Amino acid sequence: MVRMSAEERRESVIRAATTEFARGGYYGTSTEAIAKRVGVSQPYLFRLFPGKKAIFLAVAERCLQDTREVFETASEGLHGEEALHSMAEAYTQLIADHPEKLQMQLQVYVTVAAAEASGDHEFGEMVRRGWLELWDTVHVPLGGDVNETTTFMAYGMLVNTLAGMGFPPGHRIWEGLYISSRAKPSRESQSQESP
């Protein structure tokens, strides 16, 4: 049996914690549940991360990084409206194929708001820094136009909200959005429908 390195085990913790936090949020998820999903003991989990907060921050950072990479890849070599539609298409497919990524994003925003309200600014500082990087990733291919970037990000948050509430692809609620930013079925469900 091949043993995982500490870095590989850290990655498995981030993946497992993404699923657990996406479902239960920061306050409703135990480190015991994360350790169990990974298949390690809690003491081993705490050798990889100093505590639950560190795990959540690593997952939140990865969530923002993954979204940023989707935008970077989708907009590569494109500008303006072409970049906008390509990024929107790629993002809506990401959240269709990996709904836990959307759920995790929504949990991050709730956790930041709760932490800020209680005077804990560490969550917010990291998330705001990551969001600014996300903003800049979108801003450049949209020609550095602040209004275009604001509109893109605002529509993205609307997409997150509608998808998070479970409005299915094809529902009339999506009709006011560009086709590229409307909810999509997952690739898995599409392949199951094809003969």
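In this report, we go over the structure that sits alongside the text.

Reading the values: the criteria
- Residues numbered from 1 in each chain as written.
- Predicted model: local features only at pLDDT ≥ 70, side-chain atom pairs only at ≥ 80, totals over all residues.
- Heavy atoms only, no water.
- Helix = DSSP H or I, 4+ residues; strand = E, 2+ residues; numbered from the N terminus.
- Expected span 1.5 Å × (residues − 1).
- Buried < 20%, exposed > 50% of the residue type's maximum accessible area, 1.4 Å probe, protein only.
- Salt bridge = Lys/Arg side-chain N within 4 Å of Asp/Glu carboxyl O.
- Phe/Tyr/Trp six-rings, centres within 6.5 Å; stacked < 30°, edge-to-face > 60°.
- Lys NZ or Arg CZ within 6 Å of the ring centre and 35° of its normal.
- Contact = heavy atoms within 4.5 Å.

### As for helix H5 (residues 80-97)
Three or four residues apart is the spacing at which side chains of an α-helix point the same way, because the helix has 3.6 residues per turn.
Thinking step 1. Compared with the 26 Å implied by 1.5 Å per residue over 18 residues, the 26 Å span of H5 between its first and last C-alpha is a close match.
Thinking step 2. The set of residues buried in H5 consists of Ala 83, Leu 84, Met 87, Ala 88, Tyr 91, Thr 92, Gln 93, Leu 94, Ile 95 and Ala 96.

### A short note on the pattern of salt bridges
Thinking step 1. Counted under the stated rule, the structure contains nine salt bridges.
Thinking step 2. Here Asp 66 makes a salt bridge to Lys 101, at a shortest N to O gap of 2.7 Å. Of the two residues, Asp 66 sits in helix H4 (residues 52-75) while Lys 101 sits in helix H6 (residues 99-117), which places them 35 residues apart along the sequence.
Thinking step 3. Look at Asp 66 and you get buried, because its relative accessible area is 18%.
Thinking step 4. The partly exposed category is assigned to Lys 101, whose relative accessible area is 21%.
Thinking step 5. A salt bridge links Arg 128 to Glu 116; its shortest N-O distance comes to 3.3 Å. Residue Arg 128 is located in helix H7 (residues 122-139), and its partner Glu 116 is located in helix H6; the two are separated by 12 residues in the primary sequence.
Thinking step 6. The class of Arg 128 is partly exposed, set by a relative accessible area of 42%.

### Points about the packing of aromatic side chains
Thinking step 1. Tallying each qualifying case throughout the model produces eight aromatic pairs.
Thinking step 2. When the ring of Phe 21 is compared with that of Tyr 26, the centres are 6.3 Å apart and the planes differ by 25 degrees; the resulting orientation is stacked.
Thinking step 3. Overall, the relative accessible area of 0% leaves Phe 21 in the buried class.
Thinking step 4. Between Tyr 26 and Phe 123, the aromatic rings sit 5.2 Å apart at their centres with planes inclined by 75 degrees, giving edge-to-face as the arrangement. Residue Tyr 26 is found in helix H1 (residues 6-28), and its partner Phe 123 is found in helix H7; the two are separated by 97 residues along the sequence. Each member of the pair, Tyr 26 as well as Phe 123, is classed as buried.
Thinking step 5. Taken together, the aromatic side chains of Phe 21, Tyr 26, Tyr 27, Phe 56 and Phe 123 make up a single cluster linked through ring pairs.
Thinking step 6. A cation over an aromatic ring shows up here: Lys 52 above the ring of Tyr 26, its NZ or CZ 4.8 Å from the ring centre.
Thinking step 7. Of note, Lys 53 hangs over the ring of Phe 123, and the distance from its end group to the ring centre comes to 5.4 Å.

### Comments concerning the side chain of Gln 105
Thinking step 1. Tracing the sequence through the fold places Gln 105 in helix H6.
Thinking step 2. A relative accessible area of 7% places Gln 105 in the buried class.
Thinking step 3. Those residues in contact with Gln 105 that lie beyond four places of it in its chain are Cys 63, Thr 67, Tyr 91 and Asn 160.

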